[in-house]
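A structural walkthrough
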Amino acid sequence: MFERSLNGYNRLLSDHTYLNKDTDEEFLCYGYKADRCKEGLFLALVVLTGGLILLLLQWRPQMVCYLRKRRCSLNHADTLLLQDTYKQYSLAFIEDKTFPQSCDILKDILPSSATTGESDDDSPTDTSQLTISHEEIKFRYFDHQHVRYIWNRGSQMFSKLKDLSEGTKCVKIQESYHGLSVREQKQKQVVYGENTIEVEVKSYWRLFIEEVMNPFYVFQIASIILWLCDNYYYYAACILFISLVSVGISLYETKRQSVTLHDMVTTHAQTIGVCRGEEEYEDVPTGELVPGDVITIPQHGCVMTCDAVLITGTCIVNESMLTGESVPVTKTPLTHQEDEEMYSPDLHKRHTLFSGTQILQTRFYGNSKVKAVVVRTGFRTAKGELVRAILFPKPLDFKFYRDAMKFILFLGCMAALGMTYSIIIYVRQGVYPMKIVVRVLDIITIIVPPALPAAMTVGTVFAQSRLRKKGIYCISPPRINFCGRLDVFCFDKTGTLTEDGLDMLGVLPIKNQGFCGVVEDPSTLEVGPFITCMATCHSLTIIDGELSGDPLDLIMFNSTKWVLEEPGKDTSKFDTIMPTVVRPCTKDTFTSDVNPFEVGIIRQFTFSSSVQRMSVITRTLSQDGMELFCKGAPEKIASLCRPESVPQEFQDILHRYTIQGYRVIAVAHKKLDPKLTWHQAQRVSRDKVEFDMTFLGMMVLQNKLKMQTKPAIHKLKEAKIRTVMVTGDMIQTAISVARNCGMIPVKDRVIIIEASPPDAHHPASIKWVTAETPDEGTDHYTDSDYTEDVHIDLENPHKTQNFHFAVSGHSFGVLTTHFPEYIPRVVVKGTVFARMSPDQKLQLIEDLQNIGYNVGMCGDGANDCEALKAAHAGISLSEAEASVAAPFTSRIPNIECVLQVMREGRAALVTSFGCFKYMALYSFIQYVSVLILYTFDANLADMQFLYVDLVITTSVAVLMGYSGAYHKLVPKQPPGSLVKPSNLLSIVAQILLVIIFQISAFLYLYYQPWYKPVKKNLDADNTYCWETTVIFLVSTYQYIASAFVFSKGPPFRQPIYINVPFLLTLCTLFAFSTYMLMLPYKPILDFFTVMPLGTTTVEFRSVLLAFSVGFIFAACILEYLIMDVKCTEKCLSSCSHCCGKGDEQNDQYRKIQNEIELSNWPPVGQVTYAALNEPHVEIEEELMRSHGAILVN
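Each value, and the rule that gives it
- Residue indices begin from 1 for each chain and proceed along its sequence in written order.
- Where local features are concerned, this predicted model is filtered to residues with pLDDT of at least 70; where side-chain atom pairs are given and counted, the filter is 80 or more; whole-chain, interface and lining totals use all residues.
- Calculated side-chain values reflect all of the structure's heavy atoms, with hydrogen atoms and water omitted.
- Just to be clear on terms, a salt bridge is a Lys or Arg side-chain nitrogen sitting within 4 Å of an Asp or Glu carboxyl oxygen.
- Relative accessible area decides the class of each residue, using a 1.4 Å probe on protein chains only: under 20% of the type maximum gives buried, over 50% gives exposed, and in between gives partly exposed.
- By the criteria applied, helices consist of DSSP H or I runs no shorter than four residues and strands consist of E runs no shorter than two, each listed in order from the N terminus.
- Pairing of aromatic rings covers Phe, Tyr and Trp, the last counted by its six-membered ring, and requires centre-to-centre distances within 6.5 Å; plane angles under 30 degrees mean stacked, over 60 mean edge-to-face, and any other angle means tilted.
- Lysine and arginine charges are scored as sitting over a ring when NZ or CZ, respectively, is within 6 Å of the ring centre and within 35 degrees of the ring normal.
- Residue count minus one, scaled by 1.5 Å, sets the expected span of a helix.
- The definition of a polar contact used here is a pair of N or O atoms within 3.5 Å, where within protein one atom must be able to donate a hydrogen and the other to accept one, and adjacent residues in sequence count solely through side-chain atom pairs.
- On a scale of 0 to 100, pLDDT captures the predictor's confidence in every residue.
- We call two residues in contact when some of their heavy atoms are within 4.5 Å.
- For two strands to be treated as a pair, DSSP must find at least two bridges joining them.
- Axis definition: a line fitted to C-alpha atoms, over the contacting stretch in the case of helices. Angles run 0 to 180 degrees between N-to-C directions.
- Working rule for angles: under 35 degrees goes down as roughly parallel, over 145 as roughly antiparallel, 65 to 115 as roughly perpendicular, anything else as oblique.
- Take the far helix as your reference; a near helix turned counterclockwise from it by less than a right angle gives a left-handed crossing, and one turned clockwise gives a right-handed crossing.
- Any residue that is not Ala, Val, Leu, Ile, Met, Phe, Trp, Tyr, Cys, Pro, Asp, Glu, Lys or Arg is counted as polar, Gly included; the first ten are nonpolar and the last four charged.

Remarks on the pattern of salt bridges
Under the defined criterion, the tally for this structure stands at 35 salt bridges. The residue Glu210 makes a salt bridge to Lys202 at a minimum N-O spacing of 3.1 Å. Among the residues examined, Lys202 registers a relative accessible area of 24% and is labelled partly exposed. With a closest N to O distance of 2.2 Å, Arg583 and Glu598 form a salt bridge. Pair noted here: Arg583 is in strand S26 (residues 580-584) and Glu598 is in the loop between helix H19 (587-591) and strand S27 (599-608), with a separation of 15 residues, a long-range link. When its relative accessible area of 9% is taken as the criterion, Arg583 is described as buried. Bridged by salt links that share partners, the residues Glu25, Lys160, Glu385 and Arg388 form one connected network.

So, the packing of aromatic side chains
Under the defined criterion, the tally for this structure stands at 39 aromatic pairs. With a centroid separation of 6.0 Å and 85° between ring planes, the pair formed by Trp562 and Phe597 is classed as edge-to-face. Residue Trp562 is located in strand S25 (residues 562-565), and its partner Phe597 is located in the loop between H19 and S27; the two are separated by 35 residues in the primary sequence. Chaining the aromatic ring pairs together yields one cluster made of Trp768, Phe803, Phe805, Phe819, Tyr822 and Trp1161. When the ring centre of Tyr18 is taken as origin, the NZ or CZ atom of Lys21, which lies over that ring, is 3.9 Å away.

Details of helix H2 (residues 36-48)
With 13 residues, H2 extends 19 Å from end C-alpha to end C-alpha; this agrees with the ideal 18 Å at 1.5 Å per step. Taking the backbone nitrogen of Cys37 as reference, a side-chain oxygen 2.9 Å away marks Asp35 as the first, capping residue of H2. Gly50 sits one or two residues past H2 and shows a positive phi near 65°.

Focus: the confidence of the model for the protein
Summarising the model, the protein shows a mean pLDDT of 83, and 85% of its residues fall at 70 or more. Counting contacts from residues 570-577, a segment whose pLDDT is below 50, to residues more than four positions away or on other chains yields 27 contacts. This model gives residues 776-800 a pLDDT under 50, and the stretch forms 56 contacts once residues within four places in sequence are excluded.

A few points about the sheet that holds strand S15 (residues 329-331)
Spatial ordering of the open sheet is given by S15-S14-S17, a layout of 3 strands whose pairing is antiparallel. Looking at which strands have only one partner, the edges of the open sheet turn out to be S15 and strand S17 (358-363). Each strand axis lies, on average, 25° off the axis of its neighbour in the sheet, ignoring direction. With 5 bridges joining them, strand S14 (residues 314-318) and S17 adopt antiparallel strand pairing. Bridge pairing in S17 places Ile316 opposite Gln361.

Digging into the environment of Ser368
Relative to the helices and strands, Ser368 is located in the loop between S17 and strand S18 (371-376). Here Ser368 falls in the partly exposed class, since its relative accessible area comes to 35%. Distance in space between the C-alpha atoms of Ser368 and Thr312 is 8.0 Å, their sequence separation being 56 residues.

What about the side chain of Glu904?
Take Glu904: it is sitting in helix H29 (residues 896-935). Note on Glu904: relative accessible area 1%, which makes it buried. Non-local contacts of Glu904, meaning those with residues more than four positions away in its chain, are made with Ala463, Arg466, Leu467, Lys470, Ile480 and Ala965.

Some thoughts on the environment of Leu54
Inspection of the secondary structure assignment puts Leu54 in helix H3 (residues 53-59). For the pair Leu54 and Phe42, spaced 12 residues apart in the sequence, the C-alpha separation amounts to 9.8 Å. Excluding anything up to four places from it in sequence, Leu54 contacts Phe42 and Val46.

Brief notes about the pairing of S18
Within S18, 6 of the 6 residues are buried, leaving the element largely enclosed by the surrounding structure. As judged from the 3 bridges shared by strand S12 (residues 294-296) and S18, these two strands associate in the antiparallel manner. Bridge pairing links Ile295 to Ala372 in S18. Across 5 bridges, the pairing between strand S13 (residues 307-312) and S18 is antiparallel. Bridging across to S18, Val309 finds its partner in Val373.

Examining the packing of helix H31 (residues 981-1006) against helix H35 (residues 1098-1123)
Where H31 contacts H35, the two axes come as close as 11 Å, and the packing angle between them is 165°. In this view, H31 runs roughly antiparallel relative to H35, as classed from their interaxial angle. Once H31 is placed against H35, the crossing between them reads as right-handed. Each of Ser982, Leu985, Ser986, Ala989, Gln990, Leu993, Val994, Phe997, Ser1000, Ala1001, Tyr1004 and Leu1005 in H31 lies in contact with H35, whose residues at this interface are Glu1099, Phe1100, Val1103, Leu1104, Phe1107, Gly1110, Phe1111, Ala1114, Ala1115, Leu1118, Glu1119 and Met1123. A breakdown of the residues in the contact of H31 with H35 according to their chemical character gives 17 nonpolar, 5 polar and 2 charged.

So, the packing of helix H17 (residues 529-536) against helix H18 (residues 551-560)
Interhelical geometry of H17 versus H18 gives an angle of 135° and a closest axis separation of 8 Å. Put simply, H17 runs oblique to H18. The two elements H17 and H18 meet at a crossing, and its hand is left-handed. Contacts between H17 and H18 involve Ile531, Met534 and Ala535 from the former and Met556, Phe557, Ser559 and Thr560 from the latter. Grouping the amino acids of the contact of H17 with H18 by side-chain chemistry returns 5 nonpolar, 2 polar and no charged.

Points about unusual backbone geometry
With an omega of 10°, the peptide bond between Pro1050 and Pro1051 qualifies as cis. Residue Trp1161 is joined to Pro1162 through a cis peptide bond whose omega torsion reads 5°. Here Pro1162 is to be found in the loop between helix H37 (1144-1157) and strand S40 (1166-1169). Positive phi is not limited to glycine here, since Lys87 has a value of about 65°. The residue Lys87 is located in the loop between strand S4 (79-84) and strand S5 (89-93) in this model. A positive phi angle, close to 65°, is found at Lys720, a residue other than glycine. Mapped onto the fold, Lys720 is located in the loop between helix H23 (709-718) and strand S32 (722-726).

Following this line, the structure appears as structure tokens:
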């Protein structure tokens, strides 16, 4: 008892806790409250720093708590400091709401201990917080990223506000919700908030303030102030103008994107009927809906603004905005199979109307209304979660950006050295303190150029523009650089690698307990259970006179050449007497006096991926009793049929077609109890009827590859990009498609991992099975087909090189749970992942990332949405609203867009590297020039700074990114790290060249007989002197040369001569510098504050030109003939590994590959058990006898 009480006090006094534990939205929550002493000290700091301390609070929200508040228990906190898994901080402010004690409706919303003054046994009583008056109830909450968290007084922690989508029984939704009163609805509105999804569109003024507060612009403002103090008026004015233009463009783009997103997600105000109990209805604005409301769906449809569960009637829904599939979906009323079944939007999506989807039609029975129970509102809906994913994306963690910050820090250290050197020089020269301060601070703006961040994004901006012109849109431009480093690309199958549509190859009906061969035209079959199943087991419907539904159902039904009729109006087709009817399209059907053969569809059990089947209950005219027809995955249907009805050759025939890539659907039939009434048929659960069926046969459909798939996969393989298929289709079909498109080469083996969970007699196990290979040019298999590609080395019989794993979703789940140590190896060698659920697709992406892969993903539907968001580069081929969360959306309906994105990604990454290296070297060139001039109490003139920074550097940095992507992908990857030895050595070597040539030029000036050192001037800068003239002229060539050597072309970008504007700019700048040096024109010299070069000899000017041209040649030789040579790269790489500075995470998957190649793993033909983790040998005798091999256990 004492320990329990102690635990309660510990929770009560705790000042932090974890919220959303073990989820993607997990964050650490710290409690703070106001502190008057700290507030007083903070005000003093604001005054002393002139308000600059407020900038720190803008950049680091956690400083608000550190400087103005004090830590306290969460129970007493008024402010929360939230830290997410990416170490990013944000603030949340706690609010209180009060209700009358009589609010019984709140007991279903808030935790029981939050609505009473009592606490549980583990929690002590704190009278200051937990005691509640008899007149009112208080509850505390805060909102974070549009999610509301409420305070639970029992557990002394915050938890996410729940709605009916969590922990609610299906039977409760069906039987307990009959409508809320106005009073109950208003009370719930206070807790849940408005049912709206609003994307805030900030005003231009607010955007301007937030943009100006960015550290980059704050640094620029400080630099401009410094230059004004130093009398650099022209330069400061130009930089200010450019900054304002940059801010204006940025604000326009930000505003435009906000407006676009706002318009896309906002639903126009509308009203909807709400049940107030019994048969009383009232029209209310949709923004006032709350979980628990019972709404009526309009007869002619509407756009849903909440997630709701159908309880009566049926709806035809267009979910293309969420799924990308324009096929209308039939939503049926919620049914429960057992009393304890919990409602889940994912498991019961066939009964759920999702926010953002369009109701095309409603259908009802008799005069009853189509009603649904609201389960989620606002940002808690499926659409709301999608919008939240766009508003709060996962932060990017790209090594390039981390290295850039390290390099900027290094530049800061160099600035500190230069500042120290300048102080020493100026103090010795007796310069005034104020001038020393200005000069020293000027060093920072030189070594860390304000334009550096902008220059690094140039390549990305141009790449995004080029992709847009090709129909590929990117909502996250930094992701483009990720595309340059991808190692593996995952593809969905249907609609991505293959066509959306299917072709009917034929049907395989059963006759005399065996398959009677392929019937290519199903309409020629006699009227019987098989063709009746094809004509009735579907979810097709007539909309505006046209048959609509799933493409597979359409192909199946049209192949029968039957007709479908839905009597009555579109909105009342489900009358009690007139169900949907199908009949053969024959002469006898329409002319015979005898009752025609007609089948009425009484009840549909819609298709669900979790059960892998759909079924219908039908009744045939003039016949007694009802029948059940079922179609679905062959293995699932066979398991639900009577064993004697399934032919012995079932597995062989199934393999024959699935291994060649055909899609196979099995059909089955069952006569139901004659006593089953119509009303009982409407309420019976599917598991009560879907058993002991009679197997009827199979349908074989062909899903063709898109014509662009095979060439695209070939190009990716040539570039050493690993390709993986992640699909929901059968594993044999997926393997066949993988072979046909080139993912799996012809001579490579495929090993299927068959993992089984533990049961009462055996632990979890893995069976390693070699997949069969179809015999080319035939439609059947021989015994040799099963062992054709099995190569067993007699000296090392376990050795399995050039193999690929194929894993089903079921086996993947078993591996994750019982064999987690095998997951890294499986994902390294896995090429086909079949029957994968959306969650498993996401898990696979994360598993690949965890071992160092840079992963891309390409899919076409909402099933891939989570995986597309999680991948480093997710490309959606769908224009659905759900796909907006993907970084890339392509209007190119095939995987050629993958090649485009990767080529542009490589070009953008190389451009970013080149721009960064150029800007770094530009800084060092100017840094060296200024330090040399400071030594002699001289400095560059205003116009000289302006010419270098704006005319040369800005134009060069912008046009450097104009080079397009190379025309093909190559095996070599661009560098991913700025601080890798080759990059650092390149920059350091170029800096040394700069120092050598600038000092050499100055020494040449120094030894001229006419040279006289500049006279010291303590009041002003010495800008009109020979030291400044020589250093300025020589450095201009160095800027031009640096731009040339760092603007590399193939194999990632087009050659430099293709970038005509850039090349013309370099030539023009070179010609102008040469003209100014060799043919000095006095007005130009005066404009740039250059000494009269015409008074010097031609020899002097020629030697300076020789220095400049010599630097260009030396820089090119160093970069192209020394740094880019493979020998140099290998030496530097070896040195890096010897020093232990290799990237261990990036090398992890390579280490796994090497371990597999050097080991006897996997144990093909054996079974691995989880308990012993030892292989148990179960070898097929025929296989081993055929090879004469002996396997040693």
